[in-house]
Amino acid sequence: MIEARPRRAAHWLFRPYVLWLMRRHLRRIALREPVPEMPRELPWLWIANHNTWWDGFLVYLLNVRLFGRPLYLLMLEEQLRRFWFFRYLGAYGVRPGDPVEARRLLRYTAELLQMEPPSVVVWFPQGELLPYGSPIQFARGLELLLRHAEAPLWVQTVGVYPLLWEHVRPELYVGFGCGWRLGPGLAGPTLEELSAALEEELQKLGVAVRQRSPFRVLLEGVRSPHEAR
């Protein structure tokens, strides 16, 4: 397992670059409101679907724009070795299929969730990048993490809805689904409940996009050639 080594200087360097990258390659990133009241005094564990290369960048932007918390994001170890710089932004890596690694991962994630100031830890527990519309099935390691939470935390589903429709460049729509308070004596959600909550949020995002409901724009990218200037 590769542990995160966040550095403030790395964020200063990375933030302008990722904003430039997103504006250049995406049409828009927009948020379905309202944003839920997640307890500020607790650490947050965000559970999100993983269907595009941009998902990690999107949650980074979401945290920067709205919350400003220390952020940690779980990646595959082989990817983190290739993109080593992400380690200094809060990414940590795991090698799947190794029981010893799995135990280390759970212990390390629990440590991150107990740090001060309270952090946000992001997991894409489908375990791999999958086409949008694939069934939401989570790896069992997440269940172990939730079942054995020794300190209070907040678990929040985050849906990401990618769309390539009427514009040359993709649009990403994001929304917060159900959330749960976890801790000693509190029963956390099952994987089935998490999956259902995430599926429900993705359906709500799809309906809102089709109905052209108002979204809060987090980032405007390059306009399409057919749009009025």
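In what follows, the structure referred to is the one given above.
Residues numbered from 1 in each chain as written. Predicted model: local features only at pLDDT ≥ 70, side-chain atom pairs only at ≥ 80, totals over all residues. Heavy atoms only, no water.

## Structural notes on the overall build of the chain
And then number 1: Counting its secondary structure elements, the chain contains 6 helices and 8 strands.
And then number 2: The N-to-C order of helical and strand elements in the chain reads α-β-β-α-β-α-β-α-β-α-β-β-α-β.
And then number 3: Computed over its C-alpha atoms, the radius of gyration of the chain comes to 17 Å, within 12% of the 17 Å expected for a compact globule of 229 residues.
And then number 4: By residue count, 50% of the 229 residues in the chain fall in the buried class.
And then number 5: A total of about 11900 Å² of accessible surface is found on the chain, and carbon and sulfur atoms cover 55% of it.
And then number 6: Computing the positive centroid from 29 side-chain charges and the negative centroid from 23, the chain places the two 8 Å apart. (Helix = DSSP H or I, 4+ residues; strand = E, 2+ residues; numbered from the N terminus. Rg over C-alpha atoms; globule rule 2.2 N^0.38 Å. Buried < 20%, exposed > 50% of the residue type's maximum accessible area, 1.4 Å probe, protein only. Areas by Shrake-Rupley, 256 points an atom, 1.4 Å probe, with all protein chains shown as cover. Lys, Arg positive; Asp, Glu negative; His and termini not counted. Charge placed at Lys NZ, Arg CZ, Asp CG, Glu CD.)

## A look at the sheet that holds strand β1 (residues 28–32)
The pairing of strands in a sheet comes from backbone hydrogen bonds and takes either a parallel or an antiparallel form.
And then number 1: With mixed pairing, 8 strands are arranged side by side in an open sheet as β4-β3-β5-β2-β6-β7-β1-β8. Looking at strand neighbours, the two that pair on one side only are β4 (91–94) and β8 (216–220), the edges of this open sheet. Pairs of neighbouring strands in the sheet enclose a mean axial angle of 25 degrees, with direction left out of account.
And then number 2: The sheet contact formed by strand β6 (residues 153–163) and strand β7 (residues 171–182) spans 10 bridges and is antiparallel. The residue bridging Tyr-161 from the neighbouring strand is Tyr-173, located in β7. (Pairing = 2+ DSSP bridges. Axes fitted to C-alpha atoms, helices over the stretch in contact; angles between N-to-C directions.)

## Looking at helix α5 (residues 140–147)
Two residues of an α-helix separated by three or four positions point the same way, owing to the 3.6 residues in each turn.
And then number 1: Of the positions making up α5, those classed as buried are Leu-142, Glu-143, Leu-145 and Leu-146. Down the axis of α5, the buried set is contained in an arc of 160 degrees. They therefore lie on one face.
And then number 2: Where α5 is buried, its residues meet β2 (44–48), α4 (99–112), β5 (120–123), β6, β7 and α6 (191–210). (Arc of directions from axis to C-beta. Contact = heavy atoms within 4.5 Å.)

## Observations regarding the packing of aromatic side chains
And then number 1: This structure, assessed with the given rule, holds 21 aromatic pairs.
And then number 2: With a centroid separation of 6.0 Å and an interplanar angle of 85 degrees, the aromatic rings of Phe-57 and Phe-86 are classed as edge-to-face. Taken as a pair, Phe-57 in helix α2 (residues 55–66) and Phe-86 in the loop between α3 (77–82) and β4 lie far apart in primary sequence, 29 residues in all.
And then number 3: For the pair Tyr-92 and Tyr-108, a centre-to-centre distance of 5.2 Å together with 70 degrees between the ring planes defines the contact as edge-to-face. With Tyr-92 in strand β4 and Tyr-108 in helix α4, the pair connects residues that are 16 residues apart, well separated along the chain. The same class applies to Tyr-92 and to Tyr-108, which are both buried.
And then number 4: Chaining the aromatic ring pairs together yields one cluster made of Phe-14, Tyr-17, Trp-20, Trp-53, Trp-54, Phe-57, Tyr-60, Phe-83, Trp-84, Phe-85, Phe-86 and Tyr-88. (Phe/Tyr/Trp six-rings, centres within 6.5 Å; stacked < 30°, edge-to-face > 60°.)

## Some thoughts on helix α1 (residues 8–25)
And then number 1: The terminal C-alpha atoms of α1, which comprises 18 residues, lie 26 Å apart, in line with the 26 Å expected from a rise of 1.5 Å per residue.
And then number 2: Of all the bends found along α1, the most pronounced is centred on Phe-14 and spans about 30 degrees, while Pro-16, a proline, follows it within four residues.
And then number 3: For α1, every residue scored as buried is listed here: Ala-10, His-11, Phe-14, Val-18, Leu-19, Leu-21 and Met-22.
And then number 4: At its buried positions, α1 is contacted by β1, α2 and β8. (Expected span 1.5 Å × (residues − 1). Bend = angle between axes of the 7 residues up to and from the residue.)

## A few points about the nonpolar core
Taken as a class, soluble globular proteins show a tendency for nonpolar side chains to be buried jointly.
And then number 1: Counting residues in each nonpolar core, the largest one holds 39 residues, and the members touching the most others are Met-22, Ile-29, Trp-46, Val-122, Val-174 and Phe-176.
And then number 2: With residues up to four places along the chain from it excluded, the contact list for Val-122 reads Trp-46, Val-59, Leu-71, Tyr-72, Leu-73 and Leu-74. (Core = buried A, V, L, I, M, F, W, Y, C linked by side-chain atoms within 4.5 Å.)

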